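Working through the structure, step by step
Listed below are the residues making up each chain.
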Amino acid sequence: MSEIIAWFIVHYPDMKVKMQKCSHSNSSSEVNPYHIEDDCWSHTMMVCKMVELRSADRALMVAALLHDIGKPEVRRVNPRNNHVQFFGHEEKSAHLAKPILEKMVSNALLEKSQAKEALELIAMHGYFYGCKDANEAYVFFAEKRVFFSKLILLVECDHLGRFGSSDVEQSFGKIKEMIERIKYLLEQK
């Protein structure tokens, strides 16, 4: 993992700085309950460490590094409650990751198939937050069981790569229930 992170810092130093400056909070006196660690780069490093401890899969490691690179581009403050939001960051992150992944392939850090999988993991890492129907998700993942396992691991590491309140844990509990239901359906068929 450290090789991939070092490569990224050397080749994309501006992106690292943007992530360091991109706060999950709106002010120094306000704490985002979903990201007490505050800046996007710190969160990303925590996610990378979680993935490194759980898997040697190269595509998963790269997805962990790049999963939130779109947050600085989509960061908005909700004027009604003054909370910071990052709606659409998954798609923006995937868009920004594409040329980075291509460069990683050309620099022999990734194979094309790994880059493709990393891109899909980045684009879908927020999937379960909006998923309301386990049966619909089952249909999507029925032919992608290995990918499903990797996506679950990225989502879990994304969650573990933050400090948050009991509301965060409760919210993630619902996601875990959805994932367990999808796993059950996949095992039945």
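Treat the numbers as computed from the prediction; the structure is a model and nothing was measured.

A separate point is the environment of Val 47. Checked against the element boundaries, Val 47 lands in helix H3 (residues 40-54). In contact with Val 47, other than residues within four places in its own chain, are Ala 64, His 67, Leu 154, Cys 157, Asp 158 and Gly 161.

A few words now on the packing of aromatic side chains. Each pair of aromatic rings is reported with the distance of its centres and the angle of its planes. Considering all chains together, one arrives at ten aromatic pairs under this definition. When the centroid spacing of 4.9 Å and the interplanar angle of 85° are considered together, the rings of Phe 140 and Phe 141 count as edge-to-face. A relative accessible area of 0% places Phe 141 in the buried class. Ring-pair connections join several aromatic residues into one group, and the members of that group are Tyr 127, Phe 128, Phe 140, Phe 141 and Phe 148. Directly above the aromatic system of Phe 86 lies the positively charged group of Lys 71, at a separation of 4.8 Å from the ring centroid.

A turn of α-helix holds 3.6 residues, and therefore any two residues three or four places apart point the same way. When we look at burial in helix H9 (residues 134-141), the residues that qualify are Ala 134, Ala 137, Tyr 138 and Phe 141. Down the axis, H9 shows its buried residues gathered within 105° of arc, on one side only. In H9, the exposed positions that point more than 90 degrees away from the buried face belong to Glu 136 and Val 139. The opening residue of H9 is Asp 133, an N-cap whose side-chain oxygen sits 3.0 Å from the backbone nitrogen of Asn 135.

In this section: the packing of helix H7 (residues 112-124) against helix H10 (residues 145-160). Close contact between H7 and H10 brings their axes to 10 Å; oriented N to C, the two are set at 55°. With respect to their mutual orientation, H7 and H10 come out oblique. Between H7 and H10 lies a crossing of right-handed hand. Together, Glu 117, Glu 120, Leu 121 and Met 124 of H7 and Phe 147, Lys 150, Leu 151 and Leu 154 of H10 make up the contact between the two elements.

Definitions and cut-offs
Residues numbered from 1 in each chain as written. Predicted model: local features only at pLDDT ≥ 70, side-chain atom pairs only at ≥ 80, totals over all residues. Heavy atoms only, no water. Helix = DSSP H or I, 4+ residues; strand = E, 2+ residues; numbered from the N terminus. Contact = heavy atoms within 4.5 Å. Phe/Tyr/Trp six-rings, centres within 6.5 Å; stacked < 30°, edge-to-face > 60°. Buried < 20%, exposed > 50% of the residue type's maximum accessible area, 1.4 Å probe, protein only. Lys NZ or Arg CZ within 6 Å of the ring centre and 35° of its normal. Arc of directions from axis to C-beta. Polar contact = N/O pair within 3.5 Å; in protein donor to acceptor, adjacent residues only side chain to side chain. Axes fitted to C-alpha atoms, helices over the stretch in contact; angles between N-to-C directions. Parallel < 35°, antiparallel > 145°, perpendicular 65-115°, else oblique. Left-handed = near helix turned anticlockwise from the far one by under 90°.

What is shown is where atoms sit, not what they do.
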